[in-house]
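Descriptive structure summary
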Amino acid sequence: MDKKIKTMARTGFVAKGVVYGIIGILTFKAAIDMGGQKAGQLQVLEFLEKQTFGNILLVLMGLGLACYAAWRFVQAIKDPENIGDDKKGTAKRIGFFCSGLLYLGLGVLATLKAFGMGRGSGGGSGSSGSVQQSSFLASETGLWIIGIVGAGIIIAGIFQFVKAYKNDYYKKLGLAALGEQKKRESIKKTAEFGLSARGVILVIIGFFAVKAALNSNPSNIKTTQEAFSFLQDSSYGPWLMGVVAAGLVAYAVYMFLMAKYRRFHA
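Reading the values: the criteria
Residues numbered from 1 in each chain as written. Predicted model: local features only at pLDDT ≥ 70, side-chain atom pairs only at ≥ 80, totals over all residues. Heavy atoms only, no water. Helix = DSSP H or I, 4+ residues; strand = E, 2+ residues; numbered from the N terminus. Rg over C-alpha atoms; globule rule 2.2 N^0.38 Å. Buried < 20%, exposed > 50% of the residue type's maximum accessible area, 1.4 Å probe, protein only. Contact = heavy atoms within 4.5 Å. Areas by Shrake-Rupley, 256 points an atom, 1.4 Å probe, with all protein chains shown as cover. Lys, Arg positive; Asp, Glu negative; His and termini not counted. Charge placed at Lys NZ, Arg CZ, Asp CG, Glu CD. Core = buried A, V, L, I, M, F, W, Y, C linked by side-chain atoms within 4.5 Å. UniProt positions renumbered as here; feature names shortened; annotations may be inferred.

The next subject is the overall build of the protein. Scanning the protein for helices and strands turns up 10 helices and zero strands. What you see in the protein, going N to C, is helices and strands ordered as α-α-α-α-α-α-α-α-α-α. Expected size for 266 residues packed as a compact globule is a radius of gyration near 18 Å; at 19 Å, the protein falls within 12% of this value. Across its three principal directions, the C-alpha atoms of the protein cover 60 × 45 × 40 Å. Burial status across the protein gives 41% buried among its 266 residues. Once local pairs closer than 6 in sequence are excluded, the contacts in the protein between residues at least 24 apart make up 71%. As presented, the protein carries roughly 14,400 Å² of accessible surface, and 63% of it is formed by carbon and sulfur atoms. Within the protein, the 15 negative side-chain charges are centred at a point lying 5 Å from the centre of the 31 positive side-chain charges.

As structure tokens, then:
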């Protein structure tokens, strides 16, 4: 595989890791009453914007996420690792393409924020656009799209658990080549914890999207931030939210490990 593509992928893994690391840390601090806030991807951009040299951080984040999106598009279209075009391979490649679109959008938003163009305007046109968007989502076509996307997110969430407990990451990280047993076990536990926590969040988001479609109520759709609120409102809420938030920090570490150790198979 081309060295530039590998570098692009590793850069993307770092950017994605930073996003999940900030989400996890901010939410964990909120769970243990040490400040912070329940966070999602948009709150990460707001957090970066408030830091010293925030605009530079946002541009770097935008570039990193664009690299990750490009890697996903390469996986989906060129299939450099021979995933294949059978049913399983096609499903994976469609998932890669959708992931690419999501992170490209977040990267573009980060860049727009850096140049002062990512803020909503209070004008009438913005309000009109929101009304039109809500009307479309409430239409039959919009509800079908919400339901299909929600089902896809649930499947993606379940796939995180499958990856965690079938050691899907083991070959990608080349753990068998690591000589130290303790290091292998540490990486294994971090990956399992991180993937499981991300799976929980995705299943919650997907569940509420499907529920919104079935109830014809798009307002039931939840973001990552709202998924944490759902956990907080459940039994043992703060503890559960804290554990999942810590898991997302572990997922961030897993992304950093991917950036360092990921093996690309031709």
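All right, on to the nonpolar core then. With 53 residues, the main nonpolar core has Phe 13, Met 61, Leu 173, Ile 201, Phe 228 and Tyr 254 as its most contacted residues. Of all elements in the fold, only α1 (3-31), α2 (41-50), α3 (54-77), α4 (87-114), α7 (169-173), α8 (181-214), α9 (224-232) and α10 (237-261) reach the threshold of two or more residues within this core. Residues in contact with Tyr 254, not counting those within four places in the same chain, are Tyr 169, Leu 173, Thr 190, Ala 191 and Leu 195.

To continue, consider unusual backbone geometry. Backbone geometry places Asp 79, a non-glycine residue, at a positive phi of 50°. Looking at the secondary structure, you find Asp 79 in the loop between α3 and α4. Classification of Asp 79 as buried rests on a relative accessible area of 10%. Of note in this structure, Ser 216 is not a glycine but carries a positive phi near 55°.

Below, the discussion takes up the UniProt feature "domain: DUF1206" (unreviewed entry) in the protein. The sites that UniProt annotates as "domain: DUF1206" (unreviewed entry) are residues 12-78, 94-166 and 193-262. As annotated, residues 12-78 comprises 81% helix and 0% strand, and the C-alpha atoms at either end are separated by 18 Å. Measuring from the first to the last C-alpha atom of residues 193-262 gives 18 Å, for a span that is 80% helix and 0% strand.

Within the fold, Glu 192 resides in helix α8. Of the residues examined, Glu 192 reaches a relative accessible area of 15% and is grouped as buried. Those residues in contact with Glu 192 that lie beyond four places of it in its chain are Ala 164, Tyr 165, Asn 167 and Tyr 169.

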